[in-house]
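# Topology and contacts: notes
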Amino acid sequence: MRLFFILISIIGILKAEAQSPILEKADSLYSNGNYSKAIEAYKIHVNQDEVYVKIARSYMALGNNDKALIYYKLAAEEDSKNGLILYEYARLLSKTKNFEASIKVFNKLMNIDYRNPNYHYEMGLTLERMKDSTALNRFRSAYDLDQTHQKAIFKIAKHFLIKRKHDLSHKYIDKGLESYENNIDLINLKAQNYYYQDDFHNARTWFQKLIDLGESSEFIHSRMSRIHAEHSDYDLAIEQEKLVLKYNPYSAESMFTIGRYYNRLKDYKNAETYLKQYLAVKDVPLDYEYQLLGTVLNRQDKNKEAIEAFQNSIKENPNNISSEFYIISTKDKYYADLDTKIKMYEDFRDKYPDTYYSTFASKRIKELKEEKFLKAKDD
């Protein structure tokens, strides 16, 4: 009988040794990215409980989350105190929207090691996906346990930014930047905080930091454009708004903004170009935009085109008195007959007697009548 047990033990040892090359091969296949072959090899390993987690990771690498969950569950049941397995399992449950199950596993992890900040952070992410307001408590716990935890700091600072509690948001951002001064996400939040506080001086500094670090996005450039405009740096504002158009070539808003800025610079030719582009892509052009185009054309002495723009403005809004007045003042520039000019202004004044523009009309009528009198006197 004793000899029998010795033989059984020897056979077990030999089998284990025989399996070792299979496991090594499977691990090698996994390391080299041949995940399907690795799974096949792992599945012929005698002690399956030893490779559940490796099979799970292989399925994860293949993007087969359903199969990965099956094997993570087996691995977690086999080794219920293994923090790494539970952590990976909990994260995958959260990723696949098995939120309640994920929270249960994270609670197990808390019992194993409550002072692990990442357990709190990841649990916070799960609660956030569940739209549970207590997520912030987990992020704060992660921060309390590790005040250099950049991801937790970002979540807390973003929360306070959304709530417009800018001082608190700045406090956490500054703490995070102490340990990682080039954290793009925190610098972005810093810039936004100043922007929403209308502190455009500091906002420009922090948005510029993002650009200097190689960041580029429609959001960054549109904000930077407005900031430059607030400082009356219209050349820089135009430069940034043109970068917005690279991300969104059909942005009517950007085209109109560039047109406005060129108008401020008295570059009427470029203002005309962008305002016309704006009107071409705008589904429902508005009277103000046509009116601005007319003004820009007037300043280039393109009187006929200006009148057309003002007429389009009135079509959009028949009650736009200012565009109607601009038509008359434009015609005033190139009509030679003084009586015709006087008649235009008198008709306008009589039609709109109590308006702001009637005062200008009356003044111009007086000037034209004096001019007519002097001309008659000379004749």
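Here the residue numbering is sequential within each chain, running from 1 through the sequence in written order. Thresholds applied to this predicted model are a pLDDT of at least 70 for local features of residues and 80 or more for the giving and counting of side-chain atom pairs; totals over whole chains, interfaces and linings are not thresholded and use all residues. The side-chain quantities take in all heavy atoms of the structure and omit both hydrogens and water.

## Let's talk about the overall build of the protein chain
Basically, it comes down to this: Strands are runs of DSSP state E lasting at least two residues, helices are runs of H or I lasting at least four, and both sets are numbered from the N terminus onward. Any pair of residues with heavy atoms lying within 4.5 Å of one another is described as a contacting pair. Calculation of accessible area relied on Shrake-Rupley with a 1.4 Å probe; when residues are assessed, cover is drawn exclusively from the protein chains displayed.
Within the protein chain, the regular secondary structure consists of 21 helices and 0 strands. The principal-axis extent of the C-alpha atoms belonging to the protein chain is close to 145 × 40 × 35 Å. Of the contacts formed within the protein chain by residues at least 6 apart in sequence, a portion of 42% connects residues at least 24 apart. When the accessible surface of the protein chain is split by element, carbon and sulfur atoms take 49% of a total near 21,700 Å².

## A word on the packing of helix 8 (residues 135-145) against helix 9 (residues 150-162)
As a reminder of what qualifies: Each axis is a line fitted through C-alpha atoms, and for a helix only the stretch in contact is used; angles between axes span 0 to 180 degrees, taken between their N-to-C directions. The labels follow the angle: roughly parallel below 35 degrees, roughly antiparallel above 145, roughly perpendicular from 65 to 115, and oblique for the rest. Here a crossing is taken to be left-handed if its near helix is turned anticlockwise relative to the far helix by less than a right angle, and right-handed if that turn runs clockwise.
In the contact formed by helix 8 and helix 9, the axes pass within 8 Å of each other and the chain directions differ by 135°. It follows that helix 8 is oblique to helix 9 by the angle criterion. Regarding helix 8 and helix 9, the two cross each other, and that crossing is left-handed. Along its contact with helix 8, which presents L136, F139, R140, A142 and Y143, the element helix 9 presents A152, I153, K155, I156, H159 and F160.

## A look at the packing of aromatic side chains
When we look at a pair of aromatic rings, we describe it by the centre distance and by the angle of the planes. Keep this limit in mind: The pairing test for Phe, Tyr and Trp rings, Trp by its six-membered ring, is centres within 6.5 Å, and the orientation test on the planes gives stacked under 30 degrees, edge-to-face over 60, and tilted for anything in between. As a reminder, the over-ring test applies to NZ of lysine and CZ of arginine, requiring each to be within 6 Å of the ring centre and within 35 degrees of the ring normal.
In this structure the tally under the stated criterion is 24 aromatic pairs. One aromatic cluster in this structure is built from F310, F325, Y326, Y345, F348, Y352, Y356, Y357 and F360. R164 extends its terminal NZ or CZ atom over the ring of Y196, reaching a point 4.4 Å from the ring centre. The cationic tip of K209 hangs over the ring face of W206; the distance from NZ or CZ to the ring centre is 5.1 Å.

## Some details on the environment of Q291
With respect to the secondary-structure elements, Q291 resides in helix 17 (residues 287-298). In this structure Q291 touches F310, S313, N320, S322, S323 and Y326, once residues within four positions along its chain are discounted.

## Observations concerning unusual backbone geometry
Note the following rule: We call a residue buried when its accessible area falls under 20% of the maximum for its residue type, exposed when it is over 50%, and partly exposed in between, using a 1.4 Å probe and counting protein chains only.
In this structure, K97 is a non-glycine residue whose phi angle is positive, near 70°. Here K97 is to be found in the loop between helix 5 (83-95) and helix 6 (99-112). The exposed category is assigned to K97, whose relative accessible area is 66%. With a phi angle near 65°, K266 is a residue other than glycine that sits in the positive phi range. Take K266: it is sitting in the loop between helix 15 (252-264) and helix 16 (268-281).

## Description of helix 6
Structurally, the α-helix is built with 3.6 residues per turn, so residues lying three or four positions apart point the same way. The condition that has to hold: In this scheme, a helix's expected span is set at 1.5 Å multiplied by one less than its residue total. Directions pointing from the helix axis toward each C-beta atom define the arc.
For helix 6, which comprises 14 residues, the first-to-last C-alpha distance of 20 Å matches the rise-based estimate of 20 Å (1.5 Å per residue) to within 8%. Among the residues making up helix 6, those that are buried are F99, S102, I103, V105, F106, L109 and M110. Down the axis of helix 6, the buried set is contained in an arc of 165°. They therefore lie on one face. Seen from the open side of helix 6, the exposed residues pointing more than 90 degrees away from its buried face are E100, K104 and N111. Check the buried side of helix 6 and you find it contacts helix 5, helix 7 (117-129) and helix 8.

## Some remarks on the side chain of K190
You can see K190 is positioned in helix 11 (residues 184-196). Once residues lying within four places of it in the same chain are set aside, the contact partners of K190 are H170, I173, D174 and W206.

## Quick word on the environment of R223
Along the chain, R223 turns up in helix 13 (residues 218-230). Residues R223 and S80, spaced 143 residues apart in sequence, show a C-alpha to C-alpha distance of 50 Å. Every residue in contact with R223, bar those within four places of it in the chain, is listed here: Y195, Y196 and F207.

## Re the pattern of salt bridges
For clarity, the threshold we go by: Whenever Lys or Arg places a side-chain nitrogen within 4 Å of a carboxyl oxygen from Asp or Glu, that contact is recorded as a salt bridge.
Under the defined criterion, the tally for this structure stands at 19 salt bridges. Here E122 makes a salt bridge to R91, at a shortest N to O gap of 3.6 Å. Of the two residues, E122 sits in helix 7 while R91 sits in helix 5, which places them 31 residues apart along the sequence. D350 serves as the salt-bridge partner of R349, at 3.8 Å between the closest nitrogen and oxygen. Linked by salt bridges that have partners in common, E272, K276, K302 and E305 make up one network.

## Some thoughts on the side chain of E272
Mapped onto the elements of the fold, E272 is located in helix 16. With relative accessibility at 8%, the residue E272 sits in the buried group. When near neighbours in sequence (up to four residues on either side) are disregarded, E272 contacts L293, V296, L297, Q300, K302 and E305.

## Some points on a positive patch on the surface
Applied cut-off: Patch membership requires more than 30% relative accessible area and the absence of a salt bridge. Residues of like charge join within 9 Å; the nonpolar side chains Val, Leu, Ile, Met, Phe, Trp and Tyr join within 5 Å. Counted as positive: Lys and Arg. Counted as negative: Asp and Glu, with His and the chain ends omitted from the count. Lys charges are placed at NZ, Arg charges at CZ, Asp charges at CG and Glu charges at CD.
A contiguous patch of positive charge, built from R140, K163, K165 and K171, is present on the exposed surface. When you line up the elements, K163 lands in the loop between helix 9 and helix 10 (166-179). Residue K163 is classed as exposed on the basis of its relative accessible area, which comes to 52%.

## A short note on the environment of A229
By the secondary structure assignment, A229 is in helix 13. Classification of A229 by relative accessible area gives buried; the value is 13%. In this structure, the C-alpha to C-alpha distance between A229 and F200, residues 29 residues apart in sequence, is 10.0 Å. A229 has contacts with Y234, A237 and Y261, leaving out every residue within four places of it along the chain.

## Considering the packing of helix 17 against helix 19 (residues 321-334)
For clarity, the cut-off: By the convention adopted, Pro, Cys, Tyr, Trp, Phe, Met, Ile, Leu, Val and Ala count as nonpolar, Lys, Arg, Asp and Glu as charged, and the other residues, Gly among them, as polar.
Where helix 17 meets helix 19, the axes come as close as 11 Å, and the angle between the chain directions of the two elements is 15°. As summarised for this structure, helix 17 and helix 19 are arranged roughly parallel, according to the angle between their axes. For the pair helix 17 and helix 19, the crossing hand works out as left-handed. Judged by residue contacts, Q291, T295 and N298 of helix 17 engage S322, S323, Y326, T330 and K333 from helix 19. Residue composition of the contact of helix 17 with helix 19, by class: 1 nonpolar, 6 polar and 1 charged.

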